[in-house]
2 protein chains.
Amino acid sequence: MAAVRQISGPCRLWPEDNAFIRDVLDRIGDKWTMLTISTLSPGSLRYSDLQASIPGISQRMLTQTLKHLEADGLITRTAYAEVPPRVEYELTDLGRSLQDAVMAMASWAAEHHGEIASNRASSELTGVGRLRAAGDAATT
Amino acid sequence: MAAVRQISGPCRLWPEDNAFIRDVLDRIGDKWTMLTISTLSPGSLRYSDLQASIPGISQRMLTQTLKHLEADGLITRTAYAEVPPRVEYELTDLGRSLQDAVMAMASWAAEHHGEIASNRASSELTGVGRLRAAGDAATT
DNA sequence: CGGGATCCTTCTTGATACTG
DNA sequence: CAGTATCAAGAAGGATCCCG
């Protein structure tokens, strides 16, 4: 019922139902989630492999991200009761379907991050998008 | 030079350059940014229109988001020195190029948020992706 | 090896009040 | 109308220590 109803307007995508976008975004829009998904794209990986593949992540965030993804049904967690504990994580079909979107974002990021960087540098100089006025006065 | 170099591997997308992704993601991965971009998709809008179109946003976040987007060169800000101040925001070409990626995410979200929701509900019951053990154990 | 539980610091965000 | 300036609450994240 609350689906993507057909809007008669021009290009109006999400009427007033921004809700579900924010909901989904709050999960997969997070950087670690994105990186985790992309890292799992090639195939299943173990906890330590993931941690190694995602440089800046802490085990706290990795664990949390992994659990969220598992709870959302985007990945599966398989624990092998071996002597040296081994746990493998793998994308589910649902998770794989997200890959495309993630790739789109990633590709865009790869293609334009240079442009964005220079834009930011410029506005930094011209003071265009200047913000940070509040709390900046911590001259104490 | 740090672009999407061709990797010879299987599906390896981002070598060890997760950096730029996180960088871009930190800006456009944010929910307000996504919503703002999508809201501006149809065409230019004024500040108040944007605020009205994005229900939960506070003027602080709207202003901040708008400035970030402007600084990144994703939108343009045009102020008309009229008696009732009027400022219009519009996507730039760069901003429009992001639309696709945003749409991809949005579409995916629209298509699967229901599925995700039920998955989450299930794991909530089965305790699969259960986290929040800390402080939760007030069962003493 | 794979986490679970904690502590503590920083960043983010919302509510509010004021201005050109 | 279109922001700007502050403040305080809360969430997010990192570093640690510990266990099975």
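Residues numbered from 1 in each chain as written. Chains lettered and ligands numbered in written order. Predicted model: local features only at pLDDT ≥ 70, side-chain atom pairs only at ≥ 80, totals over all residues. Heavy atoms only, no water.

1. Observations regarding the confidence of the model for chain A
Any residue range with low pLDDT should be treated as having predicted coordinates unsuitable for detailed reading.
All names here are of chain A.
Now for step 1: Summarising the model, chain A shows a mean pLDDT of 80, and 79% of its residues fall at 70 or more.
Now for step 2: Averaged pLDDT values over the elements of chain A bottom out at 75 in helix α1 (residues 18–28) and peak at 97 in strand β3 (residues 86–91).
Now for step 3: Across residues 1–12 the pLDDT falls below 50, and counting only partners more than four positions away or on other chains, this stretch makes 11 contacts in the model.
Now for step 4: Predicted confidence is poor over residues 132–140, with pLDDT under 50, and the contacts of this stretch with residues over four places away or in other chains come to zero contacts. (pLDDT = per-residue confidence, 0-100. Helix = DSSP H or I, 4+ residues; strand = E, 2+ residues; numbered from the N terminus. Contact = heavy atoms within 4.5 Å.)

2. A few points about the nonpolar core
Now for step 1: In terms of nonpolar packing, the biggest core is built from 62 residues, with A:Ile28, A:Leu98, A:Met105, B:Leu98 and B:Trp108 touching the most fellow members.
Now for step 2: Apart from residues no more than four positions distant in its own chain, A:Ile28 is found in contact with A:Thr33, A:Met34, A:Ile37, A:Leu74, A:Leu98, B:Met105 and B:Trp108. (Core = buried A, V, L, I, M, F, W, Y, C linked by side-chain atoms within 4.5 Å. Buried < 20%, exposed > 50% of the residue type's maximum accessible area, 1.4 Å probe, protein only.)

3. So, the sheet that holds β3(A)
Residues and elements named next belong to chain A.
Now for step 1: Taken in spatial order, the three strands make up an open sheet running β1-β3-β2, and their pairing is antiparallel. Edge positions in the sheet fall to β1 (45–46) and β2 (75–80), since each has one partner strand and no second.
Now for step 2: Examined bridge by bridge, β1 and β3 share two bridges and lie antiparallel to one another. Bridging from a neighbouring strand, Leu45 pairs with Tyr89 of β3.
Now for step 3: Those strands touched by helix α2 (residues 31–40) are β1, β2 and β3, and its axis lies near 95° from that of β3. (Pairing = 2+ DSSP bridges. Axes fitted to C-alpha atoms, helices over the stretch in contact; angles between N-to-C directions.)

4. Let's talk about the relation of the copies chain A and chain B
Now for step 1: Expressed as a screw operation, the relation of chain A to chain B combines 0.0 Å of axial shift with a rotation of 180°, fitting to an RMSD of 0.1 Å. Here the two chains are linked by the operation of a two-fold rotation axis. In terms of C-alpha distance to the rotation axis, chain A has A:Gly29 as its closest residue, with the C-alpha 2.7 Å off the axis. (Least-squares fit on C-alpha atoms with pLDDT ≥ 70 in both.)

5. Some details on the packing of aromatic side chains
Now for step 1: Under the criterion given, the structure shown has zero aromatic pairs over all chains.
Now for step 2: The side chain of B:Arg86 reaches across the aromatic face of B:Tyr80, ending 4.2 Å from its centre. (Phe/Tyr/Trp six-rings, centres within 6.5 Å; stacked < 30°, edge-to-face > 60°. Lys NZ or Arg CZ within 6 Å of the ring centre and 35° of its normal.)

6. Comments concerning α2(A)
Now for step 1: Here α2(A) lies mainly inside the structure; nine of its 10 residues are buried.
Now for step 2: Where α2(A) is concerned, the buried positions are A:Trp32, A:Thr33, A:Met34, A:Leu35, A:Thr36, A:Ile37, A:Ser38, A:Thr39 and A:Leu40.

7. Things to note about the interface of chain A and chain B
Now for step 1: Of the residues lining the interface, 57 residues belong to chain A; the matching set on chain B comes to 57 residues.
Now for step 2: Summed over both sides, the interface of chain A with chain B buries roughly 5,400 Å², with 72% coming from carbon and sulfur.
Now for step 3: At the junction of chain A and chain B, the tally comes to two salt bridges.
Now for step 4: For B:Asp72, the salt bridge goes to A:Arg120, with nearest N and O atoms at 3.7 Å.
Now for step 5: In this assembly, chain A and chain B are joined by eight residue pairs in polar contact (both at pLDDT 80 or more).
Now for step 6: Counting only elements with at least two residues in the side of chain A that touches chain B, the list comes to α1, α2, α4 (59–71) and α5 (93–126) of chain A.
Now for step 7: When grouped by side-chain class, the residues that make up the side of chain A that touches chain B number 31 nonpolar, 14 polar and 12 charged. (Buried area = accessible area lost by both parts, 1.4 Å probe. Salt bridge = Lys/Arg side-chain N within 4 Å of Asp/Glu carboxyl O. Polar contact = N/O pair within 3.5 Å; in protein donor to acceptor, adjacent residues only side chain to side chain. Nonpolar A, V, L, I, M, F, W, Y, C, P; charged D, E, K, R; others polar.)

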